[in-house]
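# Chains, contacts and geometry: an overview
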Amino acid sequence: MNEQEIFDTIKKETESITVPDSLHPEKMEEKLSDTKQKHFRYRKSTRTVLATAACLLFVLVATLALRQTLAGSSNTGVVPPVGTAQGENTAGQTSYETVCQLINQYYEGMEKDWRVYNMIEGEAFSGAGDSTGAAAPQEDVEYEGMDMAESSTSSGNQKTNGPSAGADTNDDYSDTDTQVSDVMEGDIVKTDGSYIYTVWESTAGYTFSIYQVKGSEVKRVSLTPVYNQDCNEMYLDGDRLILAGTIWNRDDGGNDRVGISIYDISHPEEPKKLAELTQSGYYNTSRFHDGILYTFSNYSVQKGDCQPDKPKEFVPQINEKNIPAGDICLTDNKESNSYMVMTSLSVENPEDFIDSIAAFGNFDTYYMNTNHIYTVKASYDEKQGEYLSTIAKYTFEKGNFEYNTNTQIRGQINNSYYMHEYEGNFCFVYTRNSSRRSVNGLGVMNENLELIGEISNLGIDERIYSSYFIDNIAYFVTFRETDPVFAVDFADPKNPVLKSELKLPGFSDYLHSFGEDMLVGIGKGDKKGDDGNNTRVKLSLFSIGKDYKLTETAKALMGEWTESIAGENHKAVFVDEERCLVGFCISTYPRYEYELKYLVFQYKNGKWKRVLSLPIKSTISDAGDIRGLRIGDYFYVVDVSGPIQIFDIHTWEKQN
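Residues numbered from 1 in each chain as written. Predicted model: local features only at pLDDT ≥ 70, side-chain atom pairs only at ≥ 80, totals over all residues. Heavy atoms only, no water.

## Let's talk about the overall build of the chain
So the rule is basically this: Under the DSSP-based scheme used, a helix requires at least four consecutive residues in state H or I and a strand at least two consecutive residues in state E, with every element numbered from the N terminus. Residue exposure (1.4 Å probe, protein chains only): buried if accessible area is under 20% of the type maximum, exposed if over 50%, otherwise partly exposed. By definition in these notes, contact holds between two residues if any of their heavy atoms fall within 4.5 Å. All accessible-area figures derive from a Shrake-Rupley calculation using a 1.4 Å probe, and residue coverage is judged against the displayed protein chains alone.
From N to C terminus, the chain includes four helices and 40 strands. Sorting the 656 residues of the chain into buried and exposed places 54% on the buried side. In the chain, once contacts between residues fewer than 6 apart in sequence are set aside, the share between residues at least 24 apart is 56%. Of the roughly 28600 Å² of accessible surface on the chain, 43% is carried by carbon and sulfur atoms.

Now the structure itself:
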């Protein structure tokens, strides 16, 4: 087939291909404007974004068209209805030969796609958009549901007579927020009530520090380097400290791998490394339950032409040993170049992993409770013109994994907060994009991942921005022009019922319980900039009334051109439900400069009040490096690469 024939084929095939709604230029613009980056200093013009989106659309459609013509679709049948199980695949029913073949098929398809891409790329991606600066932010906070009030906070160094230093606060302190009770999540800042532990990026890799805390006094007692490795998350368990992250400097030039290090911190002044273990892939996330660390990584094979007798080149490794074929799960027979790798490790006896398992395919979204693990991978169905999610279920007990079953649904499940298990049933919220429109809904599956209940067509032409489950109620936010907050009751799993739909300007991309009858939302407000995007961080308080009816009781709008990472990193938000406190960092972009500020709000008598507004002076930190925590009657703002600042939680006066 010569070049002209190729283009004739593309033209013919694209006429019959249904383009996903999400790939149209206006949708591409919406996605690009929603994407959060570390520094939002410049914005391209709408014209440039639309032009780029149009070029991307042509490339993608053309590539899909030729691949269907030359190679055929990898999907051999019509996608089953939502919730239909995909057979009885179990671990042990595969071989290195089968995996090798699927990887080679994947790269053969990629090679054909890239040939077309290179031919039609041309000038599609040339040219640069105009960069315009944002206006200086407004410093005031606008409130609704309360009177304006001056903050009692002082950012100076004046000390006041607070609670006595050295008070025993070991049993009264905040912890990293978790999605599931009794399932701990890692973070870059931890405390045990007597010490604060931080981990931060350094030149040689990462460094973790231990600070002794006595009320209004804080002193660093040790600093320990961790060479050639990221430390994405940290855990505490008694006198053990656990670090996990991707190793980035390999002497042998091999594939990515995750390092897990266990330290004895019974003597905080001299931490002692007890063990270091590895697993293939880059670090995704982890969980900790009942003394056992569960670590999830994603491993990609970097090249095709695999040979079955050389498994080291395409099979993930655990402590430098290939995972046996019997521990690789094929949840479907689709070609891929990636695996999800899952391990369990006893912190008390860390000499070796308890168990490990690998699932073929890019499973990168996880939900874990005390009995089950659900993993999700997204894929695009070329024939149907929509995204699909494959869900796999595992049972675990004392670190030992057992693969259960899998299923596939139409739609996308974007993060762990979109999933929940209630009375043995698996519940999830999803967004489904088709060639016609976008819809959202909630599904309920039984223990075999068979769909038993569903409610759909919620938030037409919108997508889900946040979700939060409380027992049998799912609260989730969709957005396009307004912010519907839905409450769905699935106490009867076969008949989920929409209980409330509250429509508001803006959106909340973070939700959290706030006492028995309230929800906190953090997102963007209703005031837009010249580019049409919401420009102001918004803090909302939703009351849950009779029969789960939602009402926005109070809100606070930050200054213009402010951003929050609450939606993409819930661990960066401090929530104290008992004391009605919410703390988070916002970033602003005046005059092309990046500025940070840590804010704490208190809800009292139906009103928000800002009790702390602290500028962060560090020149290298971003919002993801800042945490707030409480020990006894003191609040600590921790910059992992800078100082720890202390405030009296009653007066909010600075103590150091």
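Now that the structure has been shown, we can carry on.
## A closer look at the sheet that holds strand 40 (residues 644–648)
Note the threshold: In short, DSSP must find at least two bridges between two strands for them to pair. Only the stretch in contact is used when a helix axis is fitted, and all axes are lines through C-alpha atoms; the angle between N-to-C directions ranges over 0 to 180 degrees.
The three strands lie next to each other as 38-39-40, forming an open sheet whose pairing is antiparallel. Sheet topology places strand 38 (626–631) and strand 40 at the edges, where each strand pairs with a single neighbour. Here the strands of the sheet are splayed against their neighbours by 20 degrees on average, with no regard to which way each runs. Sheet topology places strand 39 (residues 634–639) next to strand 40; five bridges connect them, and they run antiparallel.

## Some points on the layout of surface pockets
Put simply, the rule is: Detection works on a 1 Å grid of protein atoms alone, calling trapped sets that fit a 1.4 Å probe cavities and calling open sets with protein on both sides within 12 Å along at least five of seven lines pockets, with lining residues defined by an atom within 4 Å of a point. Grid points are joined across faces, edges and corners, and a volume is the space filled by probe spheres set on the points. All amino acids are sorted into three groups, where Ala, Val, Leu, Ile, Met, Phe, Trp, Tyr, Cys and Pro are nonpolar, Asp, Glu, Lys and Arg are charged, and the leftover types, Gly among them, are polar.
Here the second largest pocket is characterised by a volume of approximately 470 Å³. Taken together, 25 residues form the lining of the second largest pocket, with Ser 174, Asp 175, Thr 176, Asp 177 and Val 575 sitting closest to its centre. The set of elements that each furnish at least two residues to the lining of the second largest pocket consists of strand 2 (189–191), strand 34 (574–576) and strand 38. Taken together, the residues that form the lining of the second largest pocket break down as ten nonpolar, six polar and nine charged.

## Remarks on the nonpolar core
Threshold: Nonpolar cores are built from buried Ala, Val, Leu, Ile, Met, Phe, Trp, Tyr and Cys residues. Side-chain atoms within 4.5 Å join them into one set.
By size, the foremost hydrophobic cluster in this structure holds 33 residues, and its most contacted members are Ile 103, Ile 242, Ile 260, Phe 314, Ile 328 and Tyr 339. Top contributing element to this core by residue count: helix 4 (residues 96–121), with five residues. Not counting residues within four places of it along the chain, the set of residues in contact with Ile 242 comprises Glu 233, Met 234, Tyr 235, Asp 237, Ile 260, Ser 261, Ile 262, Phe 288, Leu 293 and Val 347.

## Here we look at the pairing of strand 25 (residues 463–470)
The element strand 25 is extensively covered by neighbouring structure, given that six of its eight residues are classed as buried. Pairing of strand 25 with strand 26 (residues 473–479) involves seven bridges; the strand directions are antiparallel. If you follow Ser 466 over to strand 26, its bridge partner there is Val 477.

## Side note on the pattern of salt bridges
Going by this rule: Here, a salt bridge means any side-chain nitrogen of Lys or Arg that lies within 4 Å of a carboxyl oxygen of Asp or Glu.
Counted under the stated rule, the structure contains 18 salt bridges. Measuring nitrogen to oxygen at the nearest pair gives 2.8 Å for the salt bridge that ties Arg 627 to Asp 187. Residue Arg 627 is located in strand 38, and its partner Asp 187 is located in the loop between strand 1 (142–144) and strand 2; the two are separated by 440 residues in the primary sequence. Both residues of the pair, Arg 627 and Asp 187, belong to the buried class. Linking Glu 563 and Lys 524 is a salt bridge whose minimum nitrogen-to-oxygen distance equals 3.3 Å. A residue pair is termed long-range when its members are at least 10 positions apart, and Glu 563 in strand 33 (residues 562–564) and Lys 524 in strand 30 (residues 518–524) qualify at 39 residues.

## Structural notes on the side chain of Glu 552
Quick note on the threshold: Between N or O atoms, a polar contact is any pair within 3.5 Å; within protein, one atom must be a potential hydrogen donor and the other a potential acceptor, and residues adjacent in sequence are included only when both atoms are from side chains.
One can find Glu 552 in strand 32 (residues 550–560). Judged by relative accessible area, which is 19%, Glu 552 ranks as buried. Polar side-chain contacts of Glu 552 include one of 2.7 Å to the side chain of Ser 540.

## Re the sheet that holds strand 23 (residues 438–445)
A sheet is described by the order of its strands in space; here four strands give the open sequence 21-22-23-24, paired in antiparallel fashion. Edge positions in the sheet fall to strand 21 (419–422) and strand 24 (451–458), since each has one partner strand and no second. For this sheet, the mean inter-axis angle between neighbouring strands, taken without regard to orientation, is 20 degrees. Pairing geometry for strand 21 and strand 22 (residues 425–433), over four bridges, is antiparallel.

## Things to note about a negative patch on the surface
Note the following rule: Only residues whose relative accessible area exceeds 30% and that take part in no salt bridge are eligible for patches, with like-charged residues grouped when within 9 Å of each other and nonpolar side chains (Val, Leu, Ile, Met, Phe, Trp, Tyr) grouped when within 5 Å. None of His or the chain ends enter the tally, which takes Lys and Arg as positive and Asp and Glu as negative. A single reference atom marks each charge: NZ on Lys, CZ on Arg, CG on Asp, CD on Glu.
Taken together, the side chains of Glu 97, Asp 305, Asp 309 and Glu 313 make up a negatively charged region of the molecular surface. Counting through the fold element by element, Asp 309 comes out in the loop between strand 11 (292–300) and strand 12 (317–318).

## Notes on the environment of Ala 487
By secondary structure assignment, the location of Ala 487 is in strand 27 (residues 482–489). In the structure, Ala 487 is positioned 20 residues away from Ser 467 in sequence and 10.0 Å away in space, judged by C-alpha atoms. If we ignore the near neighbours within four places in the chain, the residues touching Ala 487 are Ile 473, Ala 474, Tyr 475, Val 497, Leu 498, Lys 499, Ser 500, Tyr 548 and Leu 550.

## Comments concerning the pairing of strand 5 (residues 217–227)
For a regular strand, side chains alternate in direction, first toward one face of the sheet and then toward the other. In this sheet, strand 5 lies alongside strand 4 (residues 205–214) in antiparallel orientation, the contact comprising ten bridges. Looking across to strand 5, one finds that Ile 210 is bridged to Ser 222. In sequence, strand 4 turns back onto strand 5 through a hairpin of two residues, with Gly 215 there showing a positive phi of about 60 degrees.

## A short note on the confidence of the model for the chain
Put simply, the rule reads: The predictor attaches a confidence to each residue, and that confidence, scored 0 to 100, is pLDDT.
Here the chain averages 80 in pLDDT, while 74% of its residues score no lower than 70. In this model residues 1–90 is a low-confidence stretch, pLDDT under 50, and it forms 160 contacts with partners more than four residues away in sequence or in other chains. When the criterion is pLDDT under 50, residues 122–139 qualifies, and its contacts beyond four places in sequence or with other chains add up to 33 contacts.

## Quick look at the environment of Gly 525
By the secondary structure assignment, Gly 525 is in the loop between strand 30 and strand 31 (536–544). The class of Gly 525 is buried, set by a relative accessible area of 0%. Separated by 20 residues in sequence, Gly 525 and Pro 505 place their C-alpha atoms 6.7 Å apart.

## Let's talk about the packing of aromatic side chains
Stated formally: Classification of ring pairs rests on two measures: the distance between centres of Phe, Tyr or Trp rings, Trp counted by its six-membered ring, which must be within 6.5 Å, and the angle between planes, read as stacked under 30 degrees, edge-to-face over 60 and tilted in between.
Inspection of the entire model under this criterion finds 28 aromatic pairs. Ring geometry for Tyr 339 and Phe 360: centres 5.3 Å apart, planes at 75 degrees, overall edge-to-face. Here Phe 360 lies in strand 16 (residues 355–360) and Tyr 339 lies in strand 15 (residues 338–346), a separation of 21 residues in the sequence. Accessibility classification places Tyr 339 together with Phe 360 in one group, the buried group. Aromatic pair Tyr 374 and Phe 426: ring centres 4.2 Å apart, planes at 15 degrees, arrangement stacked. Linking Tyr 374 in strand 18 (residues 372–381) with Phe 426 in strand 22, this pair joins segments that are 52 residues apart in sequence. Counting every residue linked through ring pairs, the aromatic cluster contains Tyr 367, Tyr 374, Phe 426, Phe 428 and Tyr 430.

## Quick word on unusual backbone geometry
The phi torsion at Leu 449 lies on the positive side, around 60 degrees, for a residue other than glycine. Along the chain, the position of Leu 449 falls in the loop between strand 23 and strand 24. Overall, the relative accessible area of 0% leaves Leu 449 in the buried class.

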